[in-house]
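Residue-level structural notes
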Amino acid sequence: VKSAKARGSDLRVHFKNTRETALAIRGMTLKKAQKFLEDVVGMKQCVPFRRYNGGVGRCSQAKQHGATQGRWPKKSAEVLIGLLKNAESNAE
C-alpha cells in the first residue's frame, strides 16, 4: 500500500464537520475519495455523522454508510480535496 502525508493547520472550517468527513474517506483510494468529496459538494452523497451528531437531521443517503444521520459539509469537503491534492503532490 502506497501512502503519503499531508497536514493542514489553522483551517477556517468546523473541526467536527471535518472530522466526520475525514472519517468517511478513511481507507478509500485517492480517486474514490476525490469522487466522494466531489459528490458531497454536489449533494449527491452525504457524509454520515456518527459522533458529533446532536441536532443533525436524518437523510436517506446516510443508509449507504450504515448510518441514519448525515450532512453535506461543503467547506470541509473542499478543504479535504485540497489536502488530498497536496498529499498526491507529496507522493510524487
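Keep in mind that what you see is a predicted model, and the values were worked out from it rather than measured. (Residues numbered from 1 in each chain as written. Predicted model: local features only at pLDDT ≥ 70, side-chain atom pairs only at ≥ 80, totals over all residues. Heavy atoms only, no water.)

1. Considering the overall build of the chain
- Of the regular secondary structure elements, the chain holds three helices and two strands.
- Helices (α) and strands (β) of the chain occur, in sequence order from the N terminus, as α-α-β-β-α.
- A compact globule built from 92 residues would reach a C-alpha radius of gyration of about 12 Å, and the chain, at 13 Å, matches this within 12%.
- With respect to the three principal axes, the spread of C-alpha positions in the chain is 40 × 25 × 20 Å.
- Looking at the chain as a whole, 34% of its 92 residues qualify as buried.
- Sequence-distant contacts in the chain: of pairs separated by 6 or more residues, those separated by 24 or more amount to 57%.
- Total accessible area on the chain stands at roughly 6,500 Å², and carbon and sulfur atoms take up 50% of it.
- Placing the 19 positive and 7 negative side-chain charges of the chain at their respective mean positions leaves the two points 8 Å apart. (Helix = DSSP H or I, 4+ residues; strand = E, 2+ residues; numbered from the N terminus. Rg over C-alpha atoms; globule rule 2.2 N^0.38 Å. Buried < 20%, exposed > 50% of the residue type's maximum accessible area, 1.4 Å probe, protein only. Contact = heavy atoms within 4.5 Å. Areas by Shrake-Rupley, 256 points an atom, 1.4 Å probe, with all protein chains shown as cover. Lys, Arg positive; Asp, Glu negative; His and termini not counted. Charge placed at Lys NZ, Arg CZ, Asp CG, Glu CD.)

2. What to know about the packing of helix α2 (residues 30-41) against helix α3 (residues 74-91)
- Viewed as axis vectors pointing N to C, α2 and α3 meet at an angle of 155 degrees, and their least axial separation amounts to 9 Å. Classed by the angle they form, the pair α2 and α3 counts as roughly antiparallel. When the axes of α2 and α3 are compared, the crossing they make is left-handed. Contact with α2, carried on its side by L30, K31, A33, Q34, L37, E38, V40 and V41, involves K74, A77, E78, L80, I81, L84 and E88 of α3 and no other residues of that element.
- Residues belonging to the contact of α2 with α3 are distributed by class as follows: nine nonpolar, one polar and five charged. (Axes fitted to C-alpha atoms, helices over the stretch in contact; angles between N-to-C directions. Parallel < 35°, antiparallel > 145°, perpendicular 65-115°, else oblique. Left-handed = near helix turned anticlockwise from the far one by under 90°. Nonpolar A, V, L, I, M, F, W, Y, C, P; charged D, E, K, R; others polar.)

3. A short note on the environment of Q61
- With respect to the element layout, Q61 can be found in the loop between β1 (47-48) and β2 (70-71).
- On a C-alpha basis, the gap between Q61 and E88 in space is 28 Å, while along the polypeptide they are 27 residues apart.
- Those residues in contact with Q61 that sit more than four places away from it in its chain are M43, K44, Q45, C46 and W72.
- Within the structure, Q61 has its side chain in polar contact with the backbone oxygen of M43 (distance 3.4 Å). (Polar contact = N/O pair within 3.5 Å; in protein donor to acceptor, adjacent residues only side chain to side chain.)

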